[in-house]
Amino acid sequence: MSCESVGLDPAVYSAAVRYLFDRPVPDKSGQEWYWNIEEPAFEATPVQWTHIQTVLFANAGSHLAPYSDDQVGMGLNHVMSNNAGDIPHMVNDPSVPLADAMRMVRALPTLWRDCLGPRLSAAEPSAIGNRGDRLYFVSYMWFDVWPTFWNAKHVPEWCDAMWQVFCEMLAMPWREAQISALHGIGHEGNRLNRHQELQAHMDAFIRQVKNDDELKNYAQAAARGMVQ
């Protein structure tokens, strides 16, 4: 996936990546850059933001390699959450063709496969949901705080696409990718309109988990919609 393949000006994409990730990490008493009310907004249309995210998700492993875990965590938090901006709402804008939106969602699992999963696996393992760093927060909370699917949950194509996202992430070798998918299933599974298929898939996932009771128990809770 490239800028050219989605019809995005490479200069706009490069500027967006710098805007999101080329930022100083605040000290413990400071705030992330996007809380600064004097910070200029990045000017892009909803279609452009959709294409920016598509290319970013599909190439996160290489395109975000120059940035630290904290910088990646800050930038992705701004992408996934509407607490300080409207980026996650852009793909829901009526001006964005459904085909473009679906292409963006199809690229989303690659963010975990090539970027978040490998980065997070380098740290010491911890209890699920018990890490406080920026990168882990983004991975763990994405489908909990991401308003994008919530705004499109009534669209069958979105439900199908999100199901495929979760299935791909559960099949990855990265435990944190699996945990993120399980967290998302726990919150959004009942909106996917495939209860029997979901239960069967979760049962199969649980059976193949070996020597990890915490992950197995978390998957069982997710299947019941009982995650925090």
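Just above sits the structure.
As the structure is a prediction and not an experimental result, all values here were calculated from the model.

Undergrad: Teacher, can you tell me more about the overall build of the protein here?
TA: Helix and strand content of the protein: 12 helices and zero strands. Reading the protein from its N end, one meets helices and strands in the order α-α-α-α-α-α-α-α-α-α-α-α. A compact globule built from 228 residues should have a C-alpha radius of gyration of about 17 Å, and the protein, at 17 Å, falls within 12% of that. Relative to its full complement of 228 residues, the protein shows a buried share of 52%. Residue pairs in contact within the protein that sit at least 24 positions apart in sequence constitute 73% of those at least 6 positions apart. With the model as given, the accessible surface of the protein reaches about 10700 Å², and the carbon-plus-sulfur share is 50%. Within the protein, one finds 17 positive and 27 negative side-chain charges whose respective centroids are separated by 7 Å.

Undergrad: Is there a simple way to explain the nonpolar core in this structure?
TA: Inside soluble globular proteins, nonpolar side chains tend to come together where they are buried. Formed by 83 residues in total, the largest nonpolar core has its most connected members in L111, W112, W142, F143, W146 and W158. Beyond its immediate stretch of four places on either side in the chain, W158 contacts V91, N92, L98, A101, M102, V105, W146, T148, F149 and A152.

Undergrad: Looking at this structure, I do not really get unusual backbone geometry. What am I missing?
TA: Negative phi values dominate among residues other than glycine, just as trans dominates among peptide bonds. Although it is not a glycine, N193 sits at a positive phi angle of roughly 60 degrees. As for its placement among the helices and strands, N193 is situated in the loop between α10 (175–188) and α11 (195–208). If you check the backbone angles, N211 has positive phi at about 55 degrees while not being a glycine. In this structure, N211 sits in the loop between α11 and α12 (213–223).

Undergrad: Help me understand the packing of α10 against α12 in this model?
TA: Helix-helix packing is described using two parameters, namely the angle between the two axes and the distance between the axes. Contact geometry of α10 with α12 gives a least axis separation of 8 Å together with a crossing angle of 25 degrees. The angle between α10 and α12 places the two elements in the roughly parallel class. The way α10 lies across α12 gives a crossing that is left-handed. Where α10 abuts α12, its residues R175, Q178, I179, L182, H183, I185 and G186 lie against E214, L215, Y218, A219 and A222. A per-class count over the contact of α10 with α12 returns seven nonpolar, three polar and two charged.

Undergrad: So what exactly am I meant to see when it comes to the pattern of salt bridges here?
TA: Side chains that carry opposite charge are capable of pairing whenever their charged atoms lie near each other. A complete count under the given rule lists 12 salt bridges for this structure. Two residues, D100 and R103, come together in a salt bridge whose shortest N-O distance is 3.7 Å. Here R103 and D100 lie together in helix α6 (residues 98–121), a separation of three residues that amounts to about one turn. In this pair, the class of D100 matches that of R103, namely buried. Where E188 meets R191, a salt bridge forms, and the shortest distance between an N and an O atom there is 2.8 Å. Looking at E188, the relative accessible area reads 7%, which means it is buried.

Undergrad: Explanation requested: the environment of I206 in the structure shown.
TA: Along the chain, I206 falls in helix α11. You can call I206 buried: its relative accessible area is 12%. Sequence spacing of I206 and S95 is 111 residues, and the spatial spacing of their C-alpha atoms is 41 Å. Other than its neighbours up to four places away in sequence, I206 contacts K216, A219 and Q220.

Undergrad: How do you make sense of the environment of F137 when you look at a structure like this?
TA: With respect to the helices, strands and loops of the structure, F137 is situated in helix α7 (residues 134–145). Accessibility expressed as a relative area gives 36% for F137, which makes it partly exposed. For F137 and S180, which are 43 residues apart along the polypeptide, the C-alpha to C-alpha distance reads 9.9 Å. Dropping the residues within four chain positions of it, F137 is found in contact with N77, M80 and W142.

Undergrad: Help me understand the layout of surface pockets, please; the structure alone is not making it clear to me.
TA: Picture a little ball the size of a water molecule; that probe, rolled over the atoms, points out where space is still empty. Taken as a whole, the largest pocket spans an internal volume of roughly 260 Å³. Lining the largest pocket we find 17 residues, and of these Y19, A41, H78, A84 and G85 sit closest to its centre. When its residues are assigned to classes, the lining of the largest pocket shows 12 nonpolar, three polar and two charged.

Undergrad: Would you explain the packing of aromatic side chains in this entry?
TA: In this description, an aromatic ring pair is defined by two values, namely the gap between the centres and the angle between the planes. Across all of its chains, the model carries 13 aromatic pairs by this definition. Residues Y19 and F42 carry aromatic rings whose centres are separated by 5.3 Å and whose planes lie at 40 degrees to one another, so their mutual orientation is tilted. In this pair, Y19 is assigned in helix α2 (residues 10–21) and F42 in the loop between α2 and α3 (46–58), connecting sequence segments 23 residues apart. As far as the burial class goes, Y19 and F42 line up, both buried. Where F42 meets W49, the ring centres are 5.5 Å apart and the plane angle is 65 degrees; that geometry is what we call edge-to-face. Overall, F42 belongs to the buried group, its relative accessible area being 19%. What links up through ring pairs into an aromatic cluster is the set Y19, W33, Y34, W35, F42 and W49. The ring of W33 has R23 sitting right over it, with the charged end atom 3.8 Å from the ring centre. Over the ring of W150 we find K153, and its NZ or CZ is 3.6 Å from the ring centre.

The rules we used
Residues numbered from 1 in each chain as written. Predicted model: local features only at pLDDT ≥ 70, side-chain atom pairs only at ≥ 80, totals over all residues. Heavy atoms only, no water. Helix = DSSP H or I, 4+ residues; strand = E, 2+ residues; numbered from the N terminus. Rg over C-alpha atoms; globule rule 2.2 N^0.38 Å. Buried < 20%, exposed > 50% of the residue type's maximum accessible area, 1.4 Å probe, protein only. Contact = heavy atoms within 4.5 Å. Areas by Shrake-Rupley, 256 points an atom, 1.4 Å probe, with all protein chains shown as cover. Lys, Arg positive; Asp, Glu negative; His and termini not counted. Charge placed at Lys NZ, Arg CZ, Asp CG, Glu CD. Core = buried A, V, L, I, M, F, W, Y, C linked by side-chain atoms within 4.5 Å. Axes fitted to C-alpha atoms, helices over the stretch in contact; angles between N-to-C directions. Parallel < 35°, antiparallel > 145°, perpendicular 65-115°, else oblique. Left-handed = near helix turned anticlockwise from the far one by under 90°. Nonpolar A, V, L, I, M, F, W, Y, C, P; charged D, E, K, R; others polar. Salt bridge = Lys/Arg side-chain N within 4 Å of Asp/Glu carboxyl O. 1 Å grid on protein atoms, 1.4 Å probe; cavity = no way out; pocket = protein on both sides within 12 Å on 5 of 7 lines; lining within 4 Å. Points joined across faces, edges and corners; volume = space filled by probe spheres on them. Phe/Tyr/Trp six-rings, centres within 6.5 Å; stacked < 30°, edge-to-face > 60°. Lys NZ or Arg CZ within 6 Å of the ring centre and 35° of its normal.

Shape descriptors only; they carry no functional weight alone.
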